[in-house]
Amino acid sequence: MSKAPVPRPGILDIAAYVSGANQIGATVTLKQLSSNEGALGPSPAAMAALTAMAGELHRYPDGGSTALRQALAKKHGLDAARIVCGAGSDELIALLLKSYAGPGDEVLYSQHGFLMYPIGAKAVGATPVAAPETALRTDVDAMLAAVTPRTRVVFLANPNNPTGSYISAAEVARLHAGLPSDVLLIIDAAYAEYAEGRNDYTAGSDLVEKFENVVMLRTFSKIFALAALRLGWAYCSAPVADVLNRVRGPFNVSLAAQVAGVAAVEDSDFLARSRAHNEAWLPWMTEKLTALGLSVAPSAGNFILVRFPDTHGKTAADAWAYLSERGVLIRKMHSYGLAHSLRISIGPEEELQECLRLITEFLAA
């Protein structure tokens, strides 16, 4: 009797990542506040660059993403040789885990950290370890207490999705100082552009400059609003960059993503408008929902985590169903162990107004 192929042990233990609901293929126009996408849509400069390169779709992209790395280096004052681009930071997370962790190793992250950390750990045969948080915030002492001789990689999402919390530059430095030098600290700064105005925040590049065992991850999916193109980048020490360049695909970043990415990086006016939109509407939405009696976690990102009552008919699940039936999509949080809460992206003004109206209506019903 023939046998079917059997996946490597542990693969079938993975609960597949489920993204936020979206309107692709929907028969009606939905208000999509479920995926933390850029509220203003993509940069006009990025769209123009994308249109202009349409005639080059038969060409392979630059395998080294040279122009994009140079643009990023110029913008952030970094060494272009130590930047590695990927098909979203998701790919870079997977490549780092593939390179630095495996069976018998542990991958540490905070309790409500990004789900791709444990998924990626299991995919390479490593054991994911979640350190408890304090008040929905990374607890550095708890993280350090969870480090063992088997710990190979530590993930810090800062700001963290879905809680919106962040830890200060001093706390990030304390976390790093408490780690063995052979443990890789990966600072996932997907929402850095929304937090950089805070005096005590760091995205992590300062630590990368000083230490070989620190990596900073960034993305174009949030404030740059290029989620559809799948584009992210890592800043790391020369040895880690060398490893990533050895294991990544030869053309892992499409020409479309590279061209649009360069234009987006150079469009400083769009970046400023996107940040200003978030700085206006995040506190507005927080204040309005708090006034309704809901608990809203402080957020340094472009989203808020809203806790709903445990009362029958008024729970987070009830609210999600009520809004989705009326065309507003927000994010369930049960997969993060936060079933009592919903995450709401800070999207366009009219979508936020409609979301607030429906939540108000739902609570009053």
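Refer to the structure above for everything that follows.
Residues numbered from 1 in each chain as written. Predicted model: local features only at pLDDT ≥ 70, side-chain atom pairs only at ≥ 80, totals over all residues. Heavy atoms only, no water.

Undergrad: What's the story with the side chain of R82 in this structure? I'm lost.
TA: Tracing the backbone through its elements, the reader meets R82 in the loop between α2 (66-76) and β2 (83-86). Judged by relative accessible area, R82 falls into the buried class, the value being 14%. Side-chain polar atoms of R82 contact the backbone oxygen of C236, separated by 3.0 Å. Discounting chain neighbours no more than four positions away, the residues touching R82 are V208, E209, A234, Y235, C236, S237, A238 and A241. (Helix = DSSP H or I, 4+ residues; strand = E, 2+ residues; numbered from the N terminus. Buried < 20%, exposed > 50% of the residue type's maximum accessible area, 1.4 Å probe, protein only. Polar contact = N/O pair within 3.5 Å; in protein donor to acceptor, adjacent residues only side chain to side chain. Contact = heavy atoms within 4.5 Å.)

Undergrad: Mind showing me how you'd approach the side chain of S345 here?
TA: Positionally, S345 belongs in strand β13 (residues 341-345). The exposure class of S345 is buried, given its relative accessible area of 3%. Within the structure, S345 has its side chain in polar contact with the backbone nitrogen of S35 (distance 3.5 Å). Discounting chain neighbours no more than four positions away, the residues touching S345 are L33, S34, S35, N36, N302, F303 and L352.

Undergrad: Explain the pattern of salt bridges to me, please; I cannot follow it from the model alone.
TA: Any two side chains of opposite charge can pair if their charged atoms end up close together. Counted according to the given criterion, the structure contains 14 salt bridges. One salt bridge in this structure joins E171 and R174, with 3.0 Å as the shortest N-O distance. With a gap of three residues between them, E171 and R174 both fall in helix α6 (residues 169-177), about one helical turn apart. E361 is the salt-bridge partner of R357, the closest N and O atoms lying 3.1 Å from each other. Remark: E361 and R357 occur in helix α13 (residues 349-364); sequence separation between them is four residues, near one turn of the helix. The class for R357 is partly exposed, based on a relative accessible area of 42%. Where salt bridges share partners, they join E193, E196, R218 and R275 into one cluster. (Salt bridge = Lys/Arg side-chain N within 4 Å of Asp/Glu carboxyl O.)

Undergrad: When you look at helix α9 (residues 238-247) in this model, what are you seeing that I'm missing?
TA: Residue pairs spaced three or four apart in an α-helix point in one direction, given the helix's 3.6 residues per turn. Among all positions of α9, only V240, A241 and L244 are buried. When α9 is viewed along its axis, its buried side chains cluster within an angular range of 100° and face the same direction. Contacts from the buried residues of α9 go to β2, α3 (88-100), β6 (184-188), β7 (214-219) and β8 (232-236). (Arc of directions from axis to C-beta.)

Undergrad: In this structure, what is going on with the sheet that holds β7? I would like to understand it.
TA: Consider a sheet: its strands pair through backbone hydrogen bonds, and that pairing is either parallel or antiparallel. Read from one edge of the open sheet, seven strands run β2-β8-β7-β6-β5-β3-β4, paired in mixed fashion. Each edge of the sheet is formed by a strand with only one pairing partner; in this case those strands are β2 and β4 (127-131). Shown here is a sheet whose adjacent strand axes are inclined to one another by a mean of 20°, direction ignored. Bridge count for strand β3 (residues 106-110) against strand β5 (residues 151-157) is three bridges, and the pairing is parallel. When the bridges of β5 are listed, V107 appears paired with V153. Each of β2, β7 and β8 touches α2; the most contacted strand, β2, lies at about 125° to it. Packed onto the sheet, α3 meets β2, β3, β5, β6, β7 and β8 and runs at close to 155° relative to β7. (Pairing = 2+ DSSP bridges. Axes fitted to C-alpha atoms, helices over the stretch in contact; angles between N-to-C directions.)

Undergrad: For this particular structure, what's the right way to read unusual backbone geometry?
TA: Across the chain, the bulk of peptide bonds are trans and the bulk of non-glycine residues have phi less than zero. In this model, N158 is joined to P159 through a cis peptide bond whose omega is 0°. Along the chain, P159 falls in the loop between β5 and α6. Within the chain, A225 stands out as a residue other than glycine whose phi angle is a positive 60°. You can see A225 is positioned in the loop between β7 and β8. Given the relative accessible area of 14%, A225 is considered buried.

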